[in-house]
Amino acid sequence: MTDGDQVRKVGALDALKGMLSFFTIVRLNVGEREFGAMERSFWLAPVIGLLNGLVAFLALVLLDVCDVPAMVQAAVAIAVVCAFSKFLHFDGLADFGDGMVVSSERREDHVRALKDSLIGAGALGTAVTVTLLTFACYAGLASFAAVPLAVVPAEVLAKNSMGAAAAFGEPGDGMASRQVSCTGAKSLILSAVLSAALIATTWLLVGPVAECRPHHR
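These figures come from a predicted structure and were not determined experimentally.

**Q** Sorry if this is basic, but what is going on with the overall build of the protein chain here?
**A** Within the protein chain one finds ten helices and zero strands. Along the protein chain, from the amino end to the carboxyl end, the secondary structure elements read α-α-α-α-α-α-α-α-α-α. Counting over 217 residues, the protein chain shows a buried share of 40%. Accessible surface for the protein chain amounts to roughly 12,100 Å². Of this, 68% is attributable to carbon and sulfur atoms.

Listed below in structure tokens is the structure:
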């Protein structure tokens, strides 16, 4: 292994360590090195999405063994994903809702509402709507033993969408400004390829397990 390969390997491991600590409830001893690597290698984020989905998958397998109804499984899938990611993205979704509904043409007003720590009607309405739609989709899929195969790809693609937003976005003055400034077209391509590989692998490995689950109504 060359020195360059060793540096890239360590950088990727540091990036994943930083992402695991930042995006999940897992607490690791991380510092500027890991967070700096995370910002430079944001295309690795779908790996964290895979982990989120697999945690939910394991919870659903346990529920299925206990013959828990499909609708409960759908609700638990959402709850596990949100809790494991320490509701970070749920909070972001709510902030987006507040910023979106501001009756102003000035960008500054929308940003101010988005950063406001108070929860408004836009935040509540957006969070509830998205949660209900997600629940409805999972509850419908659960009848066909497909929730595990839906949760994992959904989480992987959610993290890939973050890479896309960073690649096309403009850095501001928020905590994600460095990630945005370090993410470009190359990172977006790497993230998309990685996401496709993770989803394909999941279907190959997890698919047979999910298909063996009893079909609940």
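**Q** Explain the side chain of threonine 126 here, please?
**A** Relative to the elements of secondary structure, threonine 126 occurs in helix H7 (residues 121–142). If we ignore the near neighbours within four places in the chain, the residues touching threonine 126 are Leu93, Gly97 and Met100.

**Q** Would you take a moment to explain helix H5 (residues 88–100) for this structure?
**A** Given 3.6 residues per turn, any residue in an α-helix points the same way as the ones three and four places further on. With 13 residues, H5 should cover 18 Å at 1.5 Å per step; its first-to-last C-alpha distance of 18 Å lies within 8% of that length. Those residues of H5 not exposed but buried are Ala94, Gly97, Asp98 and Gly99.

**Q** How do you make sense of the confidence of the model for the protein chain when you look at a structure like this?
**A** Any residue range with low pLDDT should be treated as having predicted coordinates unsuitable for detailed reading. When pLDDT is averaged along the protein chain, the result is 81; 83% of the residues meet or exceed 70. Highest mean pLDDT in the protein chain belongs to helix H4 (residues 70–84) (90); lowest belongs to helix H6 (residues 107–115) (71). Considering only residues more than four positions removed or in separate chains, one finds that residues 1–8, a stretch of pLDDT under 50, has two contacts.

**Q** Can you help me understand the nonpolar core in this one?
**A** If you look at soluble globular proteins, the nonpolar side chains tend to sit buried side by side. Among the nonpolar cores identified, the biggest contains 21 residues, and Met19, Phe23 and Val156 are the most heavily contacted of them. Counting residues in each nonpolar core, the second largest holds 15 residues, with Ala59, Val68, Cys82 and Ala139 among its members.

**Q** Hey, could you run me through the packing of aromatic side chains in this one?
**A** How two aromatic rings sit relative to each other is given by the distance of their centres and the angle of their planes. In total, this model carries four aromatic pairs according to the counting rule given. Connected via pairs of aromatic rings, a cluster forms that spans Phe22, Phe23, Phe35 and Phe42. Above the ring of phenylalanine 22, the side-chain terminus of lysine 86 is found at 5.8 Å from the ring centroid. Against the face of phenylalanine 23 rests lysine 159, its NZ or CZ located 5.9 Å from the ring centre.

**Q** What exactly am I supposed to notice about unusual backbone geometry here?
**A** Despite not being glycine, aspartate 67 shows a phi value in the positive range, around 60 degrees. Mapped onto the fold, aspartate 67 is located in the loop between helix H3 (45–65) and H4. Of the residues examined, aspartate 67 reaches a relative accessible area of 53% and is grouped as exposed. Of note, phenylalanine 87 is a non-glycine position whose phi angle comes to about 55 degrees, a positive value. Tracing the chain through its elements places phenylalanine 87 in the loop between H4 and H5. Taking the relative accessible area as the measure of exposure, phenylalanine 87 reaches 44% and is therefore partly exposed.

**Q** Any chance you could explain the side chain of threonine 24 here in plain terms?
**A** Turning to its location among the elements, threonine 24 is positioned in the loop between helix H1 (3–23) and helix H2 (32–40). Look at threonine 24 and you get buried, because its relative accessible area is 0%. One polar contact links the side chain of threonine 24 to the main-chain carbonyl oxygen of leucine 20, over a distance of 2.4 Å. Residues contacting threonine 24, with those up to four places away along its chain left out, are Met19, Ile48, Asn52, Phe84, Ser85 and Lys86.

**Q** Looking at this structure, how should I read a nonpolar patch on the surface?
**A** A cluster of nonpolar side chains, namely Ile119, Leu124, Val128 and Leu132, defines an oily patch on the protein surface of about 420 Å² accessible area. Mapped onto the elements of the fold, valine 128 is located in helix H7. According to the relative accessible area criterion, valine 128 is partly exposed, its value standing at 40%.

Rules used throughout
Residues numbered from 1 in each chain as written. Predicted model: local features only at pLDDT ≥ 70, side-chain atom pairs only at ≥ 80, totals over all residues. Heavy atoms only, no water. Helix = DSSP H or I, 4+ residues; strand = E, 2+ residues; numbered from the N terminus. Buried < 20%, exposed > 50% of the residue type's maximum accessible area, 1.4 Å probe, protein only. Areas by Shrake-Rupley, 256 points an atom, 1.4 Å probe, with all protein chains shown as cover. Contact = heavy atoms within 4.5 Å. Expected span 1.5 Å × (residues − 1). pLDDT = per-residue confidence, 0-100. Core = buried A, V, L, I, M, F, W, Y, C linked by side-chain atoms within 4.5 Å. Phe/Tyr/Trp six-rings, centres within 6.5 Å; stacked < 30°, edge-to-face > 60°. Lys NZ or Arg CZ within 6 Å of the ring centre and 35° of its normal. Polar contact = N/O pair within 3.5 Å; in protein donor to acceptor, adjacent residues only side chain to side chain. Patch = residues over 30% accessible without salt bridge, like charges linked within 9 Å, V, L, I, M, F, W, Y side chains within 5 Å. Salt bridge = Lys/Arg side-chain N within 4 Å of Asp/Glu carboxyl O.

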